[in-house]
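One letter stands for each residue in the lines below.
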Amino acid sequence: MMSPETVAPIESSNSSMANTTTPLPEGPRGVDLVSDELLRVGMFVNYGIIVGIIGVVGVFLNVVNIAVFVKQGFKDPINITLLGLSIADIGGLASLIWMSLCYNPLVVDGLPHVDFIGVQHITAGWPHVCFTRVSCWLTAFITFERYLCIAFPLKVKSILTPRRTAIVVIAIFTIIILSVVPVYVAIHFASSVSARTNSEVISIAYIPGGPALENASLYCSTFFQLSSFVCVIVCTVGLVYKITEKSKWRNTTSSASKNESISNRDKKVVKMVVVLSVVFIASFTPVVGNLMAMLIEYEYTVGRKLQNTFLFCGTFAFNLEALNSSSNIFVYLKMSSKYREVLFSMMRKKKTPKA
């Protein structure tokens, strides 16, 4: 997705804006419903405060997730995917924490010779986009994996082995990270003179043809966002349909094969995955809506008449992304008895005094 903190510097990098307050990209002003002042307030509150707080809490909770999944082991392939999801969520949240600092007036005013809005473009904005797309596709893979478990219960263990699952998870990370490489070829750190303060600042600059390279990554990011969102919806609907169908079949067939029936454990895992998917869909629907509005309405993007509305809506979209990356632990605690057992066991061991 062409997120606000990703596209904003494209328009603002040539203007060398001062960084003593949160700078805004300069563009044509028309019937934009959001004023510059309201946008500054929204960016400060959402980027500078809320996202940072959610990010710190979320990183801690995902570290807990990683510890639990490692303790559980990886005989069950879904633990490998959930581990990868927690790692990706930490990457996305850590970049949001740094972005929050870049929008914090105390940091910005304390280092006036750094163009934080430009710097965060490649140190926070793009890393966040990268890890978020990884999380999206891992969520899609989890729902697809559970669909196979319900649709083909006798074959799934030979199809989705731990080794193959690990390869898929690594491949998702690799492909999406490689799609971002052109950005770091196109952009580099550079010194420039601020037009407002007439002083030298550390910012970013593009190589000749750099914007075109970055656009290639933007198109890839848009594809990954939309395709993973559609995949999660399709697999979740298919998963719910299949488990409902099998439950009805089992109730009407007294001689149902034991091998064809769904175990209670599988039912619990399916329910947990469905809840994760629903949370994902609810969190990313506004994000995808913001993207679709940008694709449909020409003026709804940075540097055009509705740029303030675009950026303002984007600040709330990132709050939802941060909440999605931070909330999985509550789903695990509520719906996975194995997760609770391992977590509480680890907590009791830490509390046990040494002899």
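The residue numbers shown here count from 1 along each chain, following its written sequence. The predicted origin of the model limits local features to residues at a pLDDT of at least 70 and limits the giving and counting of side-chain atom pairs to 80 or more, whereas totals for whole chains, interfaces and linings rest on all residues. The side-chain numbers reported here are obtained from all heavy atoms of the structure, hydrogens and water having been left aside.

Caption draft 1: How the structure looks around the nonpolar core. Counting residues in each nonpolar core, the largest one holds 49 residues, and the members touching the most others are Leu82, Val134, Leu138, Ile187, Tyr332 and Tyr339. Secondary structure elements follow DSSP: runs of H or I no shorter than four residues count as helices, runs of E no shorter than two count as strands, and numbering proceeds from the N terminus. The leading source of residues in this core is helix α5 (residues 116-151), at eleven residues. Two residues form a contact once any of their heavy atoms are found within 4.5 Å. Apart from residues no more than four positions distant in its own chain, valine 134 is found in contact with Ala88, Ile172, Phe173 and Ile176. Judged by nonpolar contacts, the second largest core, of 22 residues, contains Leu39, Met43, Met294 and Leu306. Joining through side-chain atoms within 4.5 Å is the link that ties buried Ala, Val, Leu, Ile, Met, Phe, Trp, Tyr and Cys residues into a set, and such a set is a nonpolar core. Partly exposed describes any residue whose relative accessible area lies between the buried limit of under 20% and the exposed limit of over 50%, with all areas from a 1.4 Å probe on protein chains only and scaled to the type maximum.

Caption draft 2: View of the side chain of threonine 236. By the element assignment, threonine 236 lies in helix α8 (residues 210-252). Threonine 236 gets classed as buried once you look at its relative accessible area, which sits at 8%. Within polar-contact distance, the side chain of threonine 236 engages the backbone oxygen of valine 232 at 2.6 Å. Within 3.5 Å is the distance limit for a polar contact, defined as a pair of N or O atoms, with the added protein rule that one can donate a hydrogen and the other accept it, and that residues adjacent in sequence qualify only through two side-chain atoms.

Caption draft 3: Region of the structure containing the packing of helix α3 (residues 77-102) against helix α7 (residues 162-186). Note on definitions: angles span 0 to 180 degrees between N-to-C directions of axes, and those axes are lines fitted to C-alpha atoms, for helices only across the stretch in contact. Between α3 and α7, the shortest axis-to-axis distance is 8 Å and the interhelical angle comes to 20 degrees. Put simply, α3 runs roughly parallel to α7. Judged by the twist between their axes, the crossing of α3 over α7 is right-handed. Along its contact with α3, which presents Pro77, Ile80, Thr81, Gly84, Ile87 and Ala88, the element α7 presents Pro162, Thr165, Ala166, Val169 and Phe173. Throughout this entry, Asp, Glu, Lys and Arg are counted as charged residues, while Ala, Val, Leu, Ile, Met, Phe, Trp, Tyr, Cys and Pro are counted as nonpolar. The remaining residues, Gly among them, count as polar. Class assignment for the residues of the contact of α3 with α7 results in eight nonpolar, three polar and no charged. Convention used here: angles under 35 degrees read as roughly parallel, angles over 145 as roughly antiparallel, angles from 65 to 115 as roughly perpendicular, and any remaining angle as oblique. A crossing counts as left-handed when the near helix is turned anticlockwise from the far one by less than a right angle, and as right-handed when that turn is clockwise.

Caption draft 4: A nonpolar patch on the surface, seen in detail. Patch membership needs two things, relative accessible area over 30% and no salt bridge, and members are linked within 9 Å if like-charged or within 5 Å if nonpolar (Val, Leu, Ile, Met, Phe, Trp, Tyr). The protein chains shown are the only cover counted for residues, whose accessible areas, like all others here, come from Shrake-Rupley with a 1.4 Å probe. Between Lys or Arg on one side and Asp or Glu on the other, a salt bridge is scored when a side-chain nitrogen of the former is within 4 Å of a carboxyl oxygen of the latter. There is a patch of nonpolar side chains on the surface, built from Val41, Phe44, Val45, Ile49, Ile50, Ile53 and Val57 and spanning about 520 Å² of accessible area. Topologically, isoleucine 53 is positioned in helix α2 (residues 36-72). On the accessibility criterion, isoleucine 53 (52% relative accessible area) is exposed.

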